[in-house]
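Secondary and tertiary structure notes
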Amino acid sequence: MDQVVAVKAEKAPVGERLRRCKQETEKQQKAEEVAEKLEKESQGLIEFHKSYHELFQFFCNNTTIHGAIRLVCSKRNKMKTAFWSVLFFLTFGLMYWQFGILYRQYFSFPVSLNLNLNSDRLTFPAVTLCTLNPYRYSAVQKELDELDYITHQTLMDLYNYNMSLVQSKWAAQSTRKRSSRSLSHHVQRHPLRRHKRDEPASLKGNSPPVDKSDWKIGFILCNETNEDCFHQTYSSGVDAVREWYSFHYINILARMPNTKALDESNFENFIYACRFNEVTCDQANYTHFHHPIYGNCYTFNDGNNSLWTSSLPGINNGLSLLVRTEQNDYIPLLSTVTGARVMVHDQNEPAFMDDGGFNVRPGVESSISMKKETTMRLGGSYSDCTEDGSDVLVQNLYSSRYTEQVCIRSCFQMSMVERCGCAYYFYPLPSGAEYCDYTKHIAWGHCYYKLQVEFKSNVLGCFSKCRKPCEVTEYQLSAGYSHWPSTVSEDWVSHMLSRQNKYNITAKRNGVAKVNLFFEEWKYKTNGESPAFTVVTLLSQLGNQWSLWFGSSVLSVVEIAELILDFIAITFILSFRWLRSRQLPASAVPPAGAHDNTAFQPEPSGPSAPSRFTVEAVVTTLPSYNSLELCGRDRDAEIGLE
């Protein structure tokens, strides 16, 4: 009976303890749920590592770059760690050295040359043919006669040579009184003189040395005040006489207001026969212009009418010309050669006979075979070429498309007008300018020859300003020669030509020449440029180097980028914390081990105080192991009593 009472007496405390154990268990579960909830809420969208060591260790353990994990797994062995660290960063250095070579090669913009052979009907080029000697035009006959007479006297004084004059009217009129502004007055300002080689030229009279091998001949060009003089001297007397005569001849031509006044061309008296593709040429197939030195020039197939095309190669499918080379009415002091001058060029390019022409010998049949070649360059960053010359800082004075020679001559002419006040007669006339003539511009010769020295030494910068065109068409020429007409046929050929053209050929063999121009083959070559190192090539080469040194992929590059961004973010966060800790006073810094709960205290309310969220911290004391054990015993006791 007493035992039953005792058990009943103990029953109440055990039940109470079980109830408390259940409450503690529920509180523990609630605390775990709150802690888990707070942990989830504390996780953000982007998380950063707490230190550089943690970042580096995470990267080495999870990266796909070969060899990086060896820096972590061998950290207990310092020798291995040092070895792999050196090897890893050395490999990185070698790889980026290769990257630098690839980038330098890419930004040098190399090109590849592409060679293409095309077979198609070929457009025949323009062909310019000149008489090689200037004609004695009637419009300037009087001035030329006077210049010849002065030259006759000069050669007599210098070389004791009696030159036979072509004309006879001036000799009868030479005793007439001339005005102070006549040609003789200007020639006396620029006389032809000779002196010893070791003595400078002077404006005084000629003093011929005893030894004729020591002669040096030339002429002096001075400014208007004769204070600055330019000595144009030559070792050859022939060159000196031709240059001196040409200088005065240009001044005579510059006085003509219109070059059409010099147009006294007679196509039939120069070109006896013209055939293309075995069809006779007519006047619509050529244009005429006058050259100061080469005389009358004729350009065939210049593009004014329908262009000639060659469907087949060979001498019978080209241009054949029979020209006269006699010099009855020509000026012997300007040209010392006989024959004709020929130049092959594109339709949209002017004929620069000094640069690309070749001479045709009298009594010879010249067969010129041609090969067409087109070069197309890449512009922009790949080369300094220009598409149409619109981006070149030189005005194009020619009525043609842009070429490098067109630009260079235009540049010199513009510099001539700017420095000398007049234009050189050999080049086109700029707007608002006039050609140089020493009756109006007394010292233009002095200015011109000094400017020529600056031009050739590129002081004017014309060779730097003028760039190559991006597309150039050239014709490679090969020549073959044979005597024409032959000895057995020259009599009847000369007779037929004399009857046909009503002109008596005095020199049967040396009075005519034949020229044949044709395409050598029915194909032409195109040289093109293409980029040798594109963006795709660069990425491929970079990927090859990356795979060679680390065996990785593009995603590995993303991992390195992520590592760099994390490193920057951690550096920023740590720097911000360090600056904030320096700004706080010493009393505000909590001691070690203390908890700073100021963030959980409510803010004072007021109209000026900003709204803030307050967070209540639920602190739950977890039950000890003994209490849990006690709850287990009580539960078992309760089950036994029941």
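Please read all numbers here as calculations on a predicted model, not as lab measurements.

Calculation notes
- Residues numbered from 1 in each chain as written.
- Predicted model: local features only at pLDDT ≥ 70, side-chain atom pairs only at ≥ 80, totals over all residues.
- Heavy atoms only, no water.
- Buried < 20%, exposed > 50% of the residue type's maximum accessible area, 1.4 Å probe, protein only.
- Helix = DSSP H or I, 4+ residues; strand = E, 2+ residues; numbered from the N terminus.
- Arc of directions from axis to C-beta.
- Disulfide = S-S within 2.5 Å.
- Core = buried A, V, L, I, M, F, W, Y, C linked by side-chain atoms within 4.5 Å.
- UniProt positions renumbered as here; feature names shortened; annotations may be inferred.
- 1 Å grid on protein atoms, 1.4 Å probe; cavity = no way out; pocket = protein on both sides within 12 Å on 5 of 7 lines; lining within 4 Å.
- Points joined across faces, edges and corners; volume = space filled by probe spheres on them.
- Nonpolar A, V, L, I, M, F, W, Y, C, P; charged D, E, K, R; others polar.
- Salt bridge = Lys/Arg side-chain N within 4 Å of Asp/Glu carboxyl O.
- Phe/Tyr/Trp six-rings, centres within 6.5 Å; stacked < 30°, edge-to-face > 60°.
- Lys NZ or Arg CZ within 6 Å of the ring centre and 35° of its normal.
- Contact = heavy atoms within 4.5 Å.
- Pairing = 2+ DSSP bridges.
- Axes fitted to C-alpha atoms, helices over the stretch in contact; angles between N-to-C directions.
- Parallel < 35°, antiparallel > 145°, perpendicular 65-115°, else oblique.
- Left-handed = near helix turned anticlockwise from the far one by under 90°.

1. Examining helix 2 (residues 52-62)
Taken residue by residue, helix 2 has Leu55, Phe59 and Cys60 as its buried positions. Around the axis of helix 2, the buried residues are gathered within 125° of arc, so they sit on the same side.

2. With respect to the state of the cysteines
One pass over the full model with this rule turns up 8 disulfides. Across a sulfur-sulfur distance of 1.9 Å, Cys222 and Cys229 are joined as a disulfide pair. What sets the handedness of the Cys222 and Cys229 disulfide is the S-S torsion sign, and at about 105° it is right-handed. The exposure class of Cys222 is buried, given its relative accessible area of 4%. Between Cys407 and Cys466 runs a disulfide, and the two sulfur atoms are separated by 2.1 Å. Around the S-S axis, the bridge from Cys407 to Cys466 shows a dihedral of about -80° and counts as left-handed. Linking Cys407 in helix 11 (residues 404-420) with Cys466 in the loop between helix 13 (462-465) and strand 16 (471-483), this pair joins segments that are 59 residues apart in sequence. Accessibility classification places Cys407 together with Cys466 in one group, the buried group.

3. Here we look at the nonpolar core
Grouped burial of nonpolar side chains is what soluble globular proteins tend to show. Counting 58 residues, the largest nonpolar core has Leu192, Tyr245 and Trp444 as its most contacted members. Every element with two or more residues in this core is listed here: helix 5 (141-159), helix 7 (183-189), strand 5 (215-222), strand 6 (229-234), helix 8 (237-254), helix 11 and helix 12 (444-456). Looking at which element gives the most residues to this core, the answer is helix 8, with 10 residues. Among the nonpolar cores identified, the runner-up in size contains 29 residues, and Met370, Val515, Leu517 and Tyr524 belong to it.

4. As for the UniProt feature "transmembrane region" (unreviewed entry) in the protein chain
Under the feature "transmembrane region" (unreviewed entry), the UniProt entry names residues 82-103. As a span, residues 82-103 carries 100% helix and 0% strand, and end to end its C-alpha atoms are 31 Å apart.

5. Some thoughts on the layout of surface pockets
Counted as a void, the second largest pocket has a volume near 750 Å³. Lining the second largest pocket we find 26 residues, and of these Glu349, Thr403, Val472, Thr473 and Glu474 sit closest to its centre. When residues of the lining of the second largest pocket are traced back to their parent elements, those giving at least two are strand 13 (340-345), helix 10 (353-356), helix 11 and strand 16. A total of 7 residues in the lining of the second largest pocket trace back to one element, the largest contributor, which is strand 16. Residues that form the lining of the second largest pocket fall into these classes: 9 nonpolar, 6 polar and 11 charged.

6. Focus: the pattern of salt bridges
Per the counting criterion, the structure on display carries 11 salt bridges. Because the salt bridges share partners, they merge into one network encompassing Asp346, Glu349 and Arg401.

7. Things to note about the packing of aromatic side chains
Applying the stated rule across the entire model yields 33 aromatic pairs. The rings of Phe247, Phe412, Tyr424, Phe426, Tyr427, Tyr438, Trp444, Tyr448, Tyr449, Phe455 and Phe463 are connected pair by pair, giving a single aromatic cluster. When the ring centre of Tyr524 is taken as reference, the NZ or CZ atom of Lys372 above it lies at 5.2 Å. The cationic tip of Arg409 hangs over the ring face of Phe352; the distance from NZ or CZ to the ring centre is 4.1 Å.

8. Some words on the environment of Gly445
Along the chain, the position of Gly445 falls in helix 12. Sequence separation of Gly445 and Cys420 is 25 residues, and the distance between their C-alpha atoms is 9.0 Å. Non-local contacts of Gly445, meaning those with residues more than four positions away in its chain, are made with Leu221 and Phe247.

9. With respect to the pairing of strand 7 (residues 271-276)
Consecutive side chains along a regular strand alternate between the two faces of the sheet. Note that strand 7 and strand 12 (residues 319-324) share 5 bridges and pair antiparallel. Residue Ile271 lies in a different strand from strand 12, and its bridge partner there is Val323. Here strand 7 runs beside strand 8 (residues 279-280); their pairing, made up of 2 bridges, is antiparallel. Its bridge partner lying in strand 8, Phe276 is registered against Val279. In textbook terms, the turn of a hairpin is the stretch between consecutive antiparallel strands, and for strand 7 and strand 8 this stretch comprises 2 residues, one of which, Asn277, has a positive phi near 55°.

10. Observations regarding the sheet that holds strand 9 (residues 286-291)
Taken in spatial order, the 5 strands make up an open sheet running 9-10-3-13-14, and their pairing is antiparallel. Of all strands in the sheet, those bounded by a partner on one side alone are strand 9 and strand 14 (358-360). This sheet shows a mean twist of 25° between the axes of neighbouring strands, independent of strand direction. Across 5 bridges, strand 3 (residues 126-130) lies against strand 13 in antiparallel orientation. Pairing of Ala126 across the sheet is with His345, part of strand 13.

11. Things to note about the packing of helix 4 (residues 78-107) against helix 15 (residues 535-550)
The N-to-C vectors of helix 4 and helix 15 enclose an angle of 165°; their axes lie 10 Å apart at closest approach. Taken together, the axes of helix 4 and helix 15 are roughly antiparallel relative to one another. You can see that helix 4 and helix 15 cross each other, and the crossing is right-handed. Taken together, the residues of helix 15 that come into contact with helix 4 (itself represented by Phe88, Thr91, Phe92, Leu94, Met95, Tyr96, Gln98, Phe99, Leu102, Tyr103 and Tyr106) are Val535, Leu538, Gln541, Leu542, Gln545, Trp546, Trp549 and Phe550.

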